[in-house]
Amino acid sequence: MSEDCSPNKVFALLDDEYARAILTATSTKPMSAKTLSEECDASLPTVYRRADRLIECGLLAERTEVVEDGHHYSVYEARLDRLTVELNDGELHVDVEETPADDVADRFTDIWEDI
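Let me begin by describing the structure that accompanies this report.

Conventions we followed
- Residues numbered from 1 in each chain as written.
- Predicted model: local features only at pLDDT ≥ 70, side-chain atom pairs only at ≥ 80, totals over all residues.
- Heavy atoms only, no water.
- Pairing = 2+ DSSP bridges.
- Helix = DSSP H or I, 4+ residues; strand = E, 2+ residues; numbered from the N terminus.
- Contact = heavy atoms within 4.5 Å.
- Axes fitted to C-alpha atoms, helices over the stretch in contact; angles between N-to-C directions.
- Parallel < 35°, antiparallel > 145°, perpendicular 65-115°, else oblique.
- Nonpolar A, V, L, I, M, F, W, Y, C, P; charged D, E, K, R; others polar.
- Patch = residues over 30% accessible without salt bridge, like charges linked within 9 Å, V, L, I, M, F, W, Y side chains within 5 Å.
- Areas by Shrake-Rupley, 256 points an atom, 1.4 Å probe, with all protein chains shown as cover.
- Salt bridge = Lys/Arg side-chain N within 4 Å of Asp/Glu carboxyl O.
- Lys, Arg positive; Asp, Glu negative; His and termini not counted.
- Charge placed at Lys NZ, Arg CZ, Asp CG, Glu CD.
- Buried < 20%, exposed > 50% of the residue type's maximum accessible area, 1.4 Å probe, protein only.
- Arc of directions from axis to C-beta.

Attention shifts here to the sheet that holds strand 2 (residues 60–66). Strand order in this open sheet of 3 strands is 1-3-2, and the pairing throughout is antiparallel. The two strands at the open ends of the sheet, each matched to only one other strand, are strand 1 (31–32) and strand 2. Of the strand pairs in this sheet, strand 1 and strand 3 (residues 72–78) are connected by 2 bridges, and their pairing is antiparallel. Each bridged residue has a counterpart across the sheet, and for Met 31 the counterpart in strand 3 is Tyr 76. Seen against the sheet, helix 2 (residues 17–26) touches strand 1, strand 2 and strand 3 and runs at an angle of roughly 95° to strand 3.

If you want it as structure tokens, here you go:
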């Protein structure tokens, strides 16, 4: 979880039906904003706003897909593996386990191989 993202921010974000739908949909495979819009029954601006917030908290990753004709677009993939909330001695502890982000060199290799 991003250091800038407080437990309250994570709870508020996960309370949003569109944010949850985006995380759920992208947990099985990376998806474009257009596909997420259709899958989650949300407008494109809604998908982009929620995706930005999820990325900000480290729960979603964005990467660029290159198409054979040279064009490119963003796809989103869930990074959230597990969210644990514990209440101990009057204190609330939130632990977010994330899928490790791809190494920049690995992403470059993947892009190069796709070309």
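Still to come is the rest of the account.
Looking at the element boundaries, Arg 50 is found in helix 4 (residues 44–56). Leaving out residues up to four positions away in the same chain, Arg 50 has contacts with Asp 16, Tyr 18, Ala 19 and Ile 22.

Now for the packing of helix 2 against helix 4. Taken N-terminus to C-terminus, the directions of helix 2 and helix 4 make an angle of 75°; their axes are 9 Å apart at the nearest point. As far as their axial angle goes, helix 4 and helix 2 are roughly perpendicular. Across the interface between the two elements, Tyr 18, Ala 19, Ile 22 and Leu 23 from helix 2 touch Thr 46, Val 47, Arg 50, Ala 51 and Leu 54 from helix 4. For the contact of helix 2 with helix 4, the per-class residue count stands at 7 nonpolar, 1 polar and 1 charged.

Before going further, it helps to spend a moment on a negative patch on the surface. Side chains of Asp 81, Glu 86, Asp 95 and Glu 97 sit close together on the surface and give a patch of like negative charge. At the level of elements, strand 4 (80–88) and strand 5 (91–98) are the ones that each hand at least two residues to the negative patch. The exposure class of Glu 86 is partly exposed, given its relative accessible area of 41%.

Moving on to helix 3 (residues 33–40). Every buried residue of helix 3 is listed here: Ala 33, Leu 36, Ser 37 and Cys 40. The buried residues of helix 3 all sit within an arc of 105° when viewed along its axis, so they share a single face. Turned more than 90 degrees away from the buried face of helix 3, the exposed residues are Lys 34, Glu 38 and Glu 39. If you follow the buried residues of helix 3, they end up packed against helix 2, strand 1, helix 4 and strand 3.

Tallying each qualifying case throughout the model produces 4 salt bridges. Close ionic contact of Lys 9 with Glu 56 constitutes a salt bridge, the shortest N to O distance being 2.3 Å. Here Glu 56 lies in helix 4 and Lys 9 lies in helix 1 (residues 7–14), a separation of 47 residues in the sequence. Using a relative accessible area of 34% as the deciding quantity, one classes Lys 9 as partly exposed. Across the pair Arg 63 and Glu 65 runs a salt bridge, and its minimum N-O distance is 3.1 Å. For Arg 63, a relative accessible area of 26% corresponds to the partly exposed category. A network of salt bridges, in which partner residues are shared, links Arg 63, Glu 65 and Glu 77.

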